[in-house]
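What follows is each chain in one-letter form.
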Amino acid sequence: MRVLTSGLQTKQDPKWKKRLDLIVDRTLAHFYPNGVAYEQACETHKTCNVDMRSFKGYMHRWISSATLLAPHLADKVRPVFETSAEAAVRQCTGGDNARLCGFYWSTGAFDGLTSAVHQMNVLGALTGLLMNKDGLPLTNTTGGTSRGNPDAGQSLDKLNELPPITQGDRAGAGIVTTIILGIFASLFAWMSIN
Amino acid sequence: MCIAGANWGAVRWGALIDYRHVTGDKTYDGMITRAIVHQVGDKRDFMPSNWTASMGNDDQGFWAMTAMLAAETNFPAPDDKHNVDYLSVVQAVFNEQTMMERRVSGGNCDGGLRWQAYSFNNGWDYVNTISNGIYFNLGARLARYTGNDTYAEMATKTFELLERLGYVDEDGNVHDGAHQVKDCLDVNKQQFSYNAAVLAQGAAYMYDYVSTNRRASLPPPFSPLP
């Protein structure tokens, strides 16, 4: 007897779904106490360095991105991310314009720490909420225009001794803060958040 | 050597690209483009000479994630004179990080991507989740964008390594890494949100890639007569 399965591809690869669901479930439980993003390893004792203080922004954006390709996640992610974003925005009351954001979202109050990183985090939480299926990441068959080169990067730099290290461009932080504050002015109005 | 702020320094441009993508606000396009072009380096691999000596695989990888997002959102390419194609730069990073010079050879953590790119930097023997996680994330996204199954294989191998080493445990906790000198048995149980998030995003891309049969990763729909 000929064995047929449905010719339709159902979007249910079980192996990756299991891995994905496991991590997302644990992430929501561990990093969103009371639904608000919290950097567990360092936030309590205020030992987060500047990179660590940027992670909650990434978490909001990257997991929001994940829900675009795995829509079954949306029902559990969305309510938490809305709660978290509201808490984030609620404490953006600092600085001369009363709109600067701090790092400690769960306290409900601006913490006095003005830094581009903290503005970026809140921007990430808000943009994550605005991601939708009309903006799925492109591929080379769905309109992506970047050509690519599969043979790129086939040789490594060999450094035999430590050359002088330069600081690089670190002046961008102030510029980024200014940009993001401008963005918030319109985003907050648009989303009717107060 | 880890320079504080190296992570977010790369990721901030991705945050602005995401903002642009969901709002259509093109105000900051020029600034974003200049930042990426400034960082690509002579070999178009995000290893510019003024930063290279201190670059970790994670630093290089964060820039590649920003470039991957640029490709996925059709963020405008720089002027031709710069010779920068976002996808190509991501592929360059991925190919460099695939090489064994960047990885542990032998022992329990065999094949693991090191935190550092150069042996004279502190942390050379730390085999961490973020470096491997970004590599996994990029591999999954390259697979989905190009349809090339080799990227998916490398991504899958990487995730399986993280599971085997216990960096991802059976409850979904994502730990930070371990040291080659301890054969990667000294797992640092600290959990940082970015590790979990980079794996979650990559896993979603793998789920999409495999589920939609972007390449022949699923069995054929028919079984022939026995």
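Computed from a predicted model, the values in this text were never measured in an experiment. Per chain, residue numbering runs from 1 following the sequence as it is written. All chains are assigned letters beginning with A, and all ligands numbers beginning with 1, in the order in which they are written. Under the rules for a predicted model, residues below a pLDDT of 70 receive no local features and side-chain atom pairs below 80 are neither given nor counted, while totals for whole chains, interfaces and linings still include all residues. Calculated side-chain values reflect all of the structure's heavy atoms, with hydrogen atoms and water omitted.

Looking now at the overall build of chain A. Helix and strand definitions follow DSSP, with helices as H or I runs of at least four residues and strands as E runs of at least two, each counted in order from the N terminus. If you tally the helices and strands in chain A, you get 5 helices and 1 strand. Along chain A, from the amino end to the carboxyl end, the secondary structure elements read β-α-α-α-α-α. Using a 1.4 Å probe on the protein chains alone, a residue whose accessible area is under 20% of its type maximum counts as buried, one over 50% counts as exposed, and one in between counts as partly exposed. A total of 194 residues make up chain A; the buried ones form 48% of that total. If you take every contact in chain A between residues at least 6 apart in sequence, the share linking residues at least 24 apart comes to 62%. Of the roughly 9,700 Å² of accessible surface on chain A, 54% is carried by carbon and sulfur atoms. Any two residues having at least one pair of non-hydrogen atoms within 4.5 Å are treated as being in contact. Surface accessibility in these figures is a Shrake-Rupley result with a 1.4 Å probe; residues are shielded only by whichever protein chains are displayed.

Before going further, it helps to spend a moment on the interface of chain B and chain A. At the junction of the two partners, chain B supplies 91 residues and chain A supplies 91 residues. With both sides pooled, the region where chain B packs onto chain A buries about 7,800 Å², and carbon together with sulfur makes up 63% of that total. Counted as salt bridges are all cases of a side-chain nitrogen of Lys or Arg within 4 Å of a carboxyl oxygen of Asp or Glu. There are 2 salt bridges connecting chain B and chain A. A salt bridge links Glu163(B) to Arg19(A), with the shortest nitrogen-to-oxygen separation between them at 2.9 Å. Here a polar contact means two N or O atoms within 3.5 Å. Within protein one must be a hydrogen donor candidate and the other an acceptor candidate, and residues neighboring in sequence count only if both atoms are side-chain atoms. Counting across the interface, chain B meets chain A through 27 residue pairs in polar contact (both at pLDDT 80 or more). Going through the elements one at a time, α1 (6-23), α2 (29-39), α3 (57-72), α4 (86-98), α5 (129-146), α6 (149-165), α7 (193-211) and β3 (222-223) of chain B are the ones with two or more residues in the side of chain B that touches chain A. Per-element tally for the side of chain B that touches chain A: the top contributor is α7(B), with 16 residues. Just so you know the grouping, Ala, Val, Leu, Ile, Met, Phe, Trp, Tyr, Cys and Pro go in nonpolar, Asp, Glu, Lys and Arg go in charged, and all remaining residues, Gly too, go in polar. Across the side of chain B that touches chain A, the residue classes break down as 49 nonpolar, 26 polar and 16 charged. Here the buried area means the combined drop in accessible surface, using a 1.4 Å probe, for two parts upon being joined, counting both sides.

The next point concerns the environment of Leu181(A). If you trace the backbone, Leu181(A) turns up in helix α5 (residues 172-191). Setting aside residues up to four positions removed in sequence, Leu181(A) forms contacts with Asn97(A), Arg99(A), Leu100(A) and Gln119(A).

On to the pattern of salt bridges. Any two side chains of opposite charge can pair, on the condition that their charged atoms come close. The tally for this structure, following the rule as stated, stands at 13 salt bridges over all chains. Across the pair Lys17(A) and Asp21(A) runs a salt bridge, and its minimum N-O distance is 2.8 Å. Of this pair, Lys17(A) and Asp21(A) both sit in helix α1 (residues 14-31), separated by 4 residues, roughly a single helical turn. Among the residues examined, Lys17(A) registers a relative accessible area of 21% and is labelled partly exposed. With relative accessibility at 13%, the residue Asp21(A) sits in the buried group. With a shortest N-O distance of 3.4 Å, Asp45(B) and Lys43(B) are connected by a salt bridge.

Our focus in this paragraph is the state of the cysteines. All names here are of chain A. By convention in this document, the label disulfide applies to cysteine sulfur atom pairs within 2.5 Å. Under the defined criterion, the tally for this structure stands at 3 disulfides over all chains. The disulfide partner of Cys-42 is Cys-48, and the gap between their sulfur atoms is 2.0 Å. What sets the handedness of the Cys-42 and Cys-48 disulfide is the S-S torsion sign, and at about 90° it is right-handed. Taking the relative accessible area as the measure of exposure, Cys-42 reaches 4% and is therefore buried. The class for Cys-48 is buried, based on a relative accessible area of 11%.

Residue and element names in this part refer to chain B. On average, residues of chain B score 92 in pLDDT, and 92% of them reach the 70 mark or higher. Note on residues 216-221: pLDDT is under 50 here. Beyond four places in sequence and across chains, it has 11 contacts. Scored as a complex, the prediction yields pTM 0.90 and ipTM 0.93. Confidence per residue, as judged by the predictor, is encoded in pLDDT with a range of 0 to 100.

All names here are of chain B. Positive phi, close to 55°, is recorded for Phe-46, a residue that is not glycine. Here Phe-46 shows up in the loop between α2 and α3. Owing to a relative accessible area of 0%, Phe-46 belongs among the buried residues under this scheme. Unusually for a residue other than glycine, Asp-183 sits at a positive phi of about 60°. Take Asp-183: its relative accessible area is 31%, and that puts it in the partly exposed class.

Classification of ring pairs rests on two measures: the distance between centres of Phe, Tyr or Trp rings, Trp counted by its six-membered ring, which must be within 6.5 Å, and the angle between planes, read as stacked under 30 degrees, edge-to-face over 60 and tilted in between. Following the criterion strictly, the structure yields 18 aromatic pairs over all chains and no others. A centroid spacing of 5.4 Å and a plane angle of 75° characterise the contact between Phe94(B) and Tyr151(B), whose relative ring orientation is edge-to-face. Placement of the pair is Phe94(B) in helix α4 and Tyr151(B) in helix α6, with a sequence separation of 57 residues. By relative accessible area, which is 2% here, Phe94(B) ends up buried. Three or more aromatic residues joined by ring pairs form one cluster here, namely Phe55(A), Tyr58(A), Trp62(A), Phe62(B), Phe192(B) and Tyr194(B). Note on geometry: a ring has a charge over it if NZ (lysine) or CZ (arginine) is within 6 Å of the ring centre and within 35 degrees of the ring normal. Over the ring of Trp16(A) we find Arg19(A); its NZ or CZ atom is 4.4 Å from the centre of that ring. Between the NZ or CZ atom of Arg114(B) and the centre of the ring of Trp124(B), over which it lies, the distance is 4.1 Å.

Moving on, we come to the environment of Phe120(B). Among the structural elements, Phe120(B) can be located in the loop between α4 and β1 (126-128). A sequence separation of 67 residues divides Phe120(B) from Ala53(B), and the C-alpha atoms of the two residues are 8.8 Å apart.

Residues and elements named next belong to chain B. On the secondary structure map, Asn-213 appears in the loop between α7 and β3. With a relative accessible area of 27%, Asn-213 lands in the partly exposed category. Separated by 69 residues in the primary sequence, Asn-213 and Arg-144 have C-alpha atoms spaced 9.9 Å apart.

Time to look at the nonpolar core. Counting residues in each nonpolar core, the largest one holds 124 residues, and the members touching the most others are Tyr58(A), Trp62(A), Val122(A), Phe62(B), Leu138(B) and Leu199(B). The residues contacting Trp62(A), other than those within four sequence positions of it, are Val11(B), Phe62(B), Met65(B), Tyr194(B), Ala197(B), Val198(B) and Gln201(B). The criterion is simple. A nonpolar core is a set of buried Ala, Val, Leu, Ile, Met, Phe, Trp, Tyr and Cys residues joined through side-chain atoms within 4.5 Å. Listed in part, the 5 residues of the second largest apolar core include Met47(B), Met55(B), Ala117(B) and Tyr118(B).

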